[in-house]
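# An overview of the molecular structure
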Amino acid sequence: MEENQVIRQLNWIYYIQMVIALIVLTAMYYAWSKGLYEPLDRMSSLGQAVQYIIIFDALITIPLGLYIVKWIKPQTYDKYFKCAAARILLASNTMPLGIAAYYWMGCYQSMLWVAAIAAVAWYFSKPTRGKMEAEMTPEDPNIPTY
């Protein structure tokens, strides 16, 4: 795989994640506006379990996604593609989950904030040529860090 091909394929994954979030948003808004489901009580045991699952998913996958490339330090384009694709998927998987929970719980604002945090993480996982070059360049141990 060459550099331009890696960036192109990563951009496909990046924008597909946004399309998935938009599809979930549209479907849940439609179902909510037409009254196709009964909103889940956020204080019920099921409502609290859904909240815990989504919040813990955000707490685990967003930091893991944003730092996976720094931990693995890939040296080839194939390994970089796998790590960067994992970064995009991990950092943004909470976005559609938070949107769905927002509507499922009757427009519960906290779930929208979780989705917004995942959207910010999704934005910072955008693949660019400069980011790829910086992450694939080996660190020089002789450069002091202050």
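Residues numbered from 1 in each chain as written. Predicted model: local features only at pLDDT ≥ 70, side-chain atom pairs only at ≥ 80, totals over all residues. Heavy atoms only, no water.

### As for the environment of glutamine 9
Inclusion rule: Under the scheme used here, helices are H or I runs from DSSP no shorter than 4 residues and strands are E runs no shorter than 2 residues, and both carry numbers assigned from the N terminus. Contact between two residues is taken to exist if any of their heavy atoms lie within 4.5 Å; hydrogens are not considered.
Of note, glutamine 9 is situated in helix α1 (residues 3–34). Counting along the chain gives 51 residues from glutamine 9 to isoleucine 60, while the straight-line C-alpha distance between them is 25 Å. Excluding residues within four positions of it along the chain, glutamine 9 makes contact with Met1 and Phe81.

### Thoughts on helix α3 (residues 77–92)
Threshold: Multiply 1.5 Å by the residue count of a helix minus one, and that product is the helix's expected span. Buried means the residue's accessible area, taken with a 1.4 Å probe over protein chains only, is under 20% of the maximum for its type, while exposed means over 50%, and partly exposed covers the values in between.
A rise of 1.5 Å per residue sets the reference length of α3, with its 16 residues, at 22 Å; its end C-alpha atoms lie 22 Å apart and thus fit the reference within 8%. Those residues of α3 that fall on the buried side of the exposure criterion are Tyr80, Phe81, Cys83, Ala84, Ala85, Arg87, Ile88, Ala91 and Ser92. Against the buried residues of α3 lie α1, α2 (45–72), α4 (94–104), α5 (109–124) and α6 (129–136).

### Digging into the nonpolar core
Stated formally: Within this scheme, the nonpolar core is defined by two criteria: the residues are buried Ala, Val, Leu, Ile, Met, Phe, Trp, Tyr or Cys, and they are joined through side-chain atoms within 4.5 Å.
Within the largest apolar cluster, 35 residues are counted, with the highest numbers of intra-cluster contacts made by Leu10, Tyr80 and Met111. For this core, the secondary-structure elements that each account for two or more residues are α1, α2, α3, α4, α5 and α6. In terms of residue count, α3 provides more of this core than any other element does, seven residues in total. Residues contacting leucine 10, with those up to four places away along its chain left out, are Tyr80, Phe81, Ala84, Ala85, Ile88 and Pro127.

### Quick word on the packing of aromatic side chains
The condition that has to hold: Working definition: rings of Phe, Tyr and Trp (its six-membered ring) pair if their centres are within 6.5 Å, and the pair is stacked with planes under 30 degrees apart, edge-to-face with planes over 60 apart, and tilted otherwise.
Enumeration according to the criterion identifies nine aromatic pairs in this entry. Aromatic pair tyrosine 29 and tryptophan 32: ring centres 5.8 Å apart, planes at 45°, arrangement tilted. Within this pair, tyrosine 29 and its partner tryptophan 32 are both found in helix α1, separated by three residues, close to a single helical turn. Judged by centre distance (5.9 Å) and plane angle (50°), the rings of tryptophan 32 and tyrosine 103 are tilted. Of this pair, tryptophan 32 sits in helix α1 while tyrosine 103 sits in helix α4; the two residues are 71 residues apart in sequence, bridging distant segments of the chain. The structure contains a cluster of three or more aromatic residues connected by ring pairs, namely Tyr29, Trp32, Tyr102 and Tyr103.

### Notes on the side chain of serine 92
Tracing the backbone through its elements, the reader meets serine 92 in helix α3. What makes serine 92 buried here is its relative accessible area of 0%. Setting aside residues up to four positions removed in sequence, serine 92 forms contacts with Gln17, Ala118 and Trp122.

### Re the environment of valine 50
As for its position among the elements, valine 50 is in helix α2. Judged by relative accessible area, which is 13%, valine 50 ranks as buried. With 35 residues separating them along the chain, valine 50 and tyrosine 15 place their C-alpha atoms 26 Å apart. In this structure, valine 50 is in contact with Leu40, Ala101, Trp104 and Met105, ignoring residues within four places of it in sequence.

### Thoughts on the packing of α2 against α3
To keep things clear, this is the line we draw: Axis angles are defined between N-to-C directions and span 0 to 180 degrees, where every axis is a line fitted to C-alpha atoms and, for a helix, only to the segment in contact. Note on angle classes: values under 35 degrees are labelled roughly parallel, values over 145 roughly antiparallel, values of 65 to 115 roughly perpendicular, and the remainder oblique. Whether a crossing is left-handed or right-handed is set by the direction in which the near helix is turned from the far one by less than a right angle, anticlockwise for left-handed and clockwise for right-handed. Ten residue types, Ala, Val, Leu, Ile, Met, Phe, Trp, Tyr, Cys and Pro, are classed as nonpolar, four, Asp, Glu, Lys and Arg, as charged, and the remainder, Gly among them, as polar.
Interhelical geometry of α2 versus α3 gives an angle of 165° and a closest axis separation of 7 Å. Here α2 is positioned roughly antiparallel relative to α3, judged by the angle of their axes. In this structure, α2 crosses over α3, and the sense of that crossing is left-handed. Contacts from Thr61, Ile62, Leu64, Gly65, Leu66, Ile68, Val69 and Ile72 of α2 reach α3 at Tyr80, Cys83, Ala84, Ala86, Arg87, Leu90 and Ala91. Partitioned by chemical class, the residues of the contact of α2 with α3 number twelve nonpolar, two polar and one charged.

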